[in-house]
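Residue-level structural notes
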Amino acid sequence: MRESTPFWLPGRHAARRPYLKARGAIAKAVRAWFETSGFTEVETATLQVSPGNETHLHAFGTELIAPGAERQTLYLRTSPEFACKKLLSAGETRIFDFARVFRNRERGSLHHPEFTMLEWYRANEPYETLMDDCAALLAEAARAAGTKEFSFRGKTIDPFAAPKRVTVAEAFARHAGIDLLATMSAGQGDRDALAAAVTKAGVRIADDDTWGDIFSRILAERVDPHLGIGRATVLYEYPLPLAALARPKPGSGDVAERFELYACGVELGNAFGELTDVAEQRARFATAMSEKQRIHGERYPVDEDFMEALAEMPQASGIALGFDRLVMLASGAQHIEQVIWTPLTDVGGR
């Protein structure tokens with residue numbers, strides 16, 4: 001249920017102000033940690049030729065009108081990822097960005113159309129290093145907020161405890177009783193095999209659900225509720241069909257160097273050992289946009305400038321972390337609009 005009263009009413013602002021003050025303290029602490037760790041803060045552009053090419057991300061579109069009245073469709077970014085990777089190609093090695101990003105069709109206690117994505121990248125460093133970064137930043141946020149516990153909807157973690165590391169396959173076996181890798185062959189998901197497994201597990205699916213749809217349903221219904229309880233969880237080694245922009249794990253034909261960070265049952269971050277194979281990335285984009293067209297009736301263009309830069313990009317690892325969610329957990333807020341200074345006022349929702 002969204003916050004419906006205007007943020008500028010004095011009473012509501014007074015109630016939100018402690019969370020907003022915590023936001024400032026956490027941002028200051030996070031910046032200091034990055035600077036001490038040898039990172040450079042960057043500020044990437046909001047307007048993009050492509051907002052990203054993931055099936056279920058929805059962008060805000062706009063139009064650039066040149067002095068000669070020529071028109072070009074542009075988008076508000078859903079992530080600073082493409083721009084940050086171009087900077088890696090340019091020679092930057094450790095960068096972070098407090099990026100304001102925009103996602104359509106998303107609104108709720110953990111979602112807002114405009115929010116802050118904290119992204120950071122390490123050139124020539126393994127993605128496991130990002131797991132250590134996440135542990136450090138949880139502790140920094142706790143110290144800045146003056147708390148020893150993160151909480152959300154009755155679930156808590158110790159932000160100073162080392163996150164538990166669990167592979168996706170282990171989590172599916174433990175919480176859903178499913179041998180996930182047995183439903184894959186040559187890096188592809190076998191839809192019928194996974195459907196049979198989930199039917200035995202009592203998860204309802206639709207006839208037109210793909211392997212990826214079924215995976216997401218199991219993850220949401222059977223796995224997610226068990227993650228990030230007591231201490232944070234790093235869920236790693238995602239199956240290749242869901243690698244997105246992550247490279248395959250060396251020596252494996254089934255999983256990718258991708259992990260997600262969970263705390264208090266909330267997904268906080270999504271990390272990749274970055275894919276630099278241009279042909280493979282183009283093929284993945286094509287598949288994702290075909291799915292987007294099938295499901296949502298729309299598709300986004302490929303940023304060809306990004307594809308050219310990708311060919312020059314060094315091996316790297318990168319992560320996107322929902323900064324507003326981090327502030328929520330550290331401050332005890334229960335709605336994302338409590339930690340955003342000027343949330344969108346929805347007149348129709350009052």
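Cut-off values and rules
- Per chain, residues are indexed from 1 in the order of the written sequence.
- Confidence filtering applies because this is a predicted model: local features only for residues at pLDDT of at least 70, side-chain atom pairs given and counted only at 80 or more, and all residues used for totals across whole chains, interfaces and linings.
- Where side-chain values are given, they derive from all heavy atoms of the structure, hydrogens and water being excluded.
- Aromatic rings from Phe, Tyr and Trp, taking only the six-membered ring of Trp, are treated as a pair when their centres fall within 6.5 Å; an angle between ring planes under 30 degrees marks them as stacked, one over 60 as edge-to-face, and anything in between as tilted.
- By the criteria applied, helices consist of DSSP H or I runs no shorter than four residues and strands consist of E runs no shorter than two, each listed in order from the N terminus.
- Burial classes follow relative accessibility: with a 1.4 Å probe on protein chains only, a residue under 20% of its type's maximum area counts as buried, one over 50% as exposed, and anything between as partly exposed.
- To sit over a ring, a charge needs its Lys NZ or Arg CZ within 6 Å of the ring centre and within 35 degrees of the ring normal.
- A 1.4 Å probe that fits into a set of points on a 1 Å grid over the protein atoms alone but cannot get out defines a cavity; an open set with protein on both sides within 12 Å along at least five of seven lines defines a pocket, and lining residues are those with an atom within 4 Å of a point.
- Grid points are joined across faces, edges and corners, and a volume is the space filled by probe spheres set on the points.
- Classification convention: Asp, Glu, Lys, Arg as charged; Ala, Val, Leu, Ile, Met, Phe, Trp, Tyr, Cys, Pro as nonpolar; all other residues, Gly among them, as polar.
- Salt bridges, as used here, are contacts in which a Lys or Arg side-chain nitrogen is within 4 Å of a carboxyl oxygen on Asp or Glu.

We now examine the packing of aromatic side chains. Tallied over the entire structure, the rule returns 14 aromatic pairs. Between Phe 82 and Phe 306, the aromatic rings sit 4.2 Å apart at their centres with planes inclined by 10 degrees, giving stacked as the arrangement. Of this pair, Phe 82 sits in helix α2 (residues 81-90) while Phe 306 is found in helix α8 (residues 304-310), placing the two residues 224 residues apart along the sequence. Overall, the relative accessible area of 8% leaves Phe 82 in the buried class. For Phe 306, a relative accessible area of 1% gives the class buried. Centre to centre, the rings of Phe 96 and Phe 98 are 6.2 Å apart; their planes meet at 80 degrees, and the pair counts as edge-to-face. Accessibility expressed as a relative area gives 0% for Phe 96, which makes it buried. Residue class for Phe 98 comes out buried when judged on its relative accessible area of 16%. Through pairs of rings, three or more aromatic residues link up here, namely Trp 33, Phe 34, Phe 39, Phe 96, Phe 98, Trp 120 and Phe 323. In this arrangement the basic side chain of Arg 258 is found over the ring face of Tyr 238, its NZ or CZ atom lying 4.4 Å from the centre.

On to the layout of surface pockets, then. Approximately 180 Å³ is the volume found for the second largest pocket. Lining the second largest pocket are Arg 23, Ala 27, Arg 31, Phe 98, Arg 100, Thr 116, Phe 323, Asp 324, Ile 340, Trp 341 and Thr 342. At the level of secondary structure, the elements contributing two or more residues to the lining of the second largest pocket comprise α1 (10-36), β5 (94-102) and α9 (323-331). At 3 residues, α1 tops the list of elements feeding residues into the lining of the second largest pocket. Looking at side-chain class alone, the lining of the second largest pocket contains 5 nonpolar, 2 polar and 4 charged residues.

The next subject is the pattern of salt bridges. Counted under the stated rule, the structure contains 24 salt bridges. In this structure, Arg 100 engages Glu 114 in a salt bridge whose closest nitrogen and oxygen atoms are separated by 3.2 Å. With a gap of 14 residues between them, Arg 100 in strand β5 and Glu 114 in strand β6 (residues 114-123) connect regions that are remote in the sequence. A salt bridge links Arg 294 to Glu 291; the nearest nitrogen and oxygen atoms lie 2.8 Å apart. Of this pair, Arg 294 and Glu 291 both sit in helix α7 (residues 278-296), 3 residues apart, which is roughly one turn of the helix.

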